[in-house]
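# A closer look at the structure
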Amino acid sequence: MRLPAAILFSLFVLTSCSQRSLKSLQKRNVRITGSVVMQSSSIINDTVKLQYLGCGGFYLQQNDQAIMIDPFFSHQSFMRIGRSILFGGKLKPMINQLDFGRRLVLDSMNVRKESLGGRVKGIFSAHGHYDHLMDVPFIYNEWLAQQPEIFVNSSSTTTLRHVIPSAKLNDIEKIAAVRNQEGDSIEFHSNGSIIRVYPIFADHNPHSRNIKLFAGSATKPPKDFDHHRDKTRVNDWLEGQTLSFLIDLVKNDQVYYRIFMQSSSCQFPNGIPPANLLENRKVDLAILGIASYHFSQNTYPCEFLNVLQPRNLVFVHWEDFFRKVHQRPKAVKTNDIPRFFNDIFSRCKMDYQMPLPGSVIRISR
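Residues numbered from 1 in each chain as written. Predicted model: local features only at pLDDT ≥ 70, side-chain atom pairs only at ≥ 80, totals over all residues. Heavy atoms only, no water.

In this model helix α4 (residues 95-109) runs 21 Å from its N-terminal to its C-terminal C-alpha over 15 residues, within 8% of the 21 Å that 1.5 Å per residue would give. Buried residues along α4 sit against β2 (48-54), β3 (57-62), α5 (116-119), α7 (136-143) and β16 (360-364). Asn 110 sits one or two residues past α4 and shows a positive phi near 55°. (Helix = DSSP H or I, 4+ residues; strand = E, 2+ residues; numbered from the N terminus. Expected span 1.5 Å × (residues − 1). Contact = heavy atoms within 4.5 Å.)

Set out below in structure tokens:
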């Protein structure tokens, strides 16, 4: 048994009463939204939609091409995760929840099941924790007939070595930007439109003041993880290097919409794009995670927003992912979400959206 993990699990049990329903959040002036339309005069003629998949994950569609970031639907029960932490119990892909997630994408994005594989060009993961990466092998192998490129950190290339073909597995640490040192980008082209993704070195706040679960990097693939339906332990999904993403939507060599995505709260300036990328084009939409915000010394997210200067702001990774995906969400355990909005975030003096899982963000003129 790993002592820090055991202590933290006990802490979660003792503080589980901090979990809040949607009704109680709304009573404390937290705005939770469904589908959202964001106006942009520069959207040209492209059709751009994002779907919040829950737990920090997104599906981004530009015309007839798409990428996925951190898709995760196999929500594990709190006790199952506890048994895995303390006793090495196994986790498995939750097929019913994955099926629910696929229907959510197909229905909301108006995509036929057989065409989804040709539309998704790449899957990205911000880090290697199970709630960001665990479903990627299943989605790659069972959802997408034309299997896309997978872009993950160095540790995750080791974790996935036996379940994703090496030719499709890309270590994006090799091209990621670091602070003011510019990196490279990944591009997806379709009919004159481009999705351009810049990975950026970021960080991940601890789960408790002095404890970060599942830290470190994988040195070898998990034992007996040779098929995407095989069971794994939660400790097999090590964080590795956490990344944020700057995503440019491009047409006629011009960036017409810019999205910054950082699903894990962290200390400023970790995850911020290099200054030269922001000199000529600010951010249209910033997507930031809330979980563990209280370990950022009350500086998160205002310092990030001061640099990014986004026109629109969306908060994610706010809901409890120990609940099944089809259940009405509640706030993530041990995080005082009303305090975040009514105290910490109120200093930023900016409007925001906090979408329900499954919500679609449409970007239009």
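Following the structure, the description resumes.
A few words now on the environment of Ile 287. Relative to the elements of secondary structure, Ile 287 occurs in strand β14 (residues 285-289). Under the relative-accessibility criterion, Ile 287 is labelled buried at 0%. Those residues in contact with Ile 287 that lie beyond four places of it in its chain are Leu 50, Phe 58, Ile 259, Phe 260, Met 261, Gln 262, Val 314 and Val 316. (Buried < 20%, exposed > 50% of the residue type's maximum accessible area, 1.4 Å probe, protein only.)

Considered as a void within the structure, the largest pocket measures approximately 270 Å³ in volume. Lining the largest pocket are 20 residues, and of these Val 325, His 326, Gln 327, Pro 329 and Pro 357 sit closest to its centre. The element contributing the most residues to the lining of the largest pocket is α4, with 3 residues. In this model, the second largest pocket occupies a volume close to 200 Å³. (1 Å grid on protein atoms, 1.4 Å probe; cavity = no way out; pocket = protein on both sides within 12 Å on 5 of 7 lines; lining within 4 Å. Points joined across faces, edges and corners; volume = space filled by probe spheres on them.)

On to the pairing of strand β12 (residues 243-251), then. Counting buried residues in β12 gives 9 out of 9 residues, a clear majority hidden from the surface. Alternating positions in β12 separate into two faces, Leu 243, Phe 245, Ile 247, Leu 249 and Lys 251 on one and Ser 244, Leu 246, Asp 248 and Val 250 on the other, with burial throughout. Across 9 bridges, the pairing between strand β10 (residues 193-201) and β12 is antiparallel. Looking at β12, one finds that Ile 195 is bridged to Leu 249. In this structure, β12 lies alongside strand β13 (residues 254-262), joined through 7 bridges in antiparallel fashion. The partner of Leu 246 across the bridge, within β13, is Phe 260. (Pairing = 2+ DSSP bridges.)

An order of β9-β10-β12-β13-β14-β15 is seen for the 6 strands of this open sheet, with the pairing classed as mixed. A single partner strand is all that each edge strand has here, and the edge strands are β9 (186-190) and β15 (312-316). Neighbour-to-neighbour, the strand axes of this sheet turn through a mean angle of 15°, independent of strand direction. Looking at chain direction, β9 and β10 are connected through 5 bridges and run antiparallel. Opposite His 189, over in β10, you have Ile 194 as the bridge partner. (Axes fitted to C-alpha atoms, helices over the stretch in contact; angles between N-to-C directions.)

Here we take up the packing of aromatic side chains. If you walk through the whole model with that rule in mind, you get 23 aromatic pairs. Ring geometry for Phe 72 and Tyr 130: centres 5.7 Å apart, planes at 85°, overall edge-to-face. In this pair, Phe 72 is assigned in the loop between β4 (65-69) and α3 (78-87) and Tyr 130 in helix α6 (residues 130-133), connecting sequence segments 58 residues apart. We note that Phe 72, like Tyr 130, is buried. Judged by centre distance (5.4 Å) and plane angle (90°), the rings of Phe 268 and Phe 304 are edge-to-face. Of this pair, Phe 268 sits in the loop between β13 and α9 (275-279) while Phe 304 sits in helix α10 (residues 302-308); the two residues are 36 residues apart in sequence, bridging distant segments of the chain. Positioned over the ring face of Tyr 352 is Arg 31, at 4.3 Å from the centre of the ring. Above the plane of the ring of Phe 78 lies Lys 333, whose end atom (NZ or CZ) is 4.9 Å from the centre. (Phe/Tyr/Trp six-rings, centres within 6.5 Å; stacked < 30°, edge-to-face > 60°. Lys NZ or Arg CZ within 6 Å of the ring centre and 35° of its normal.)

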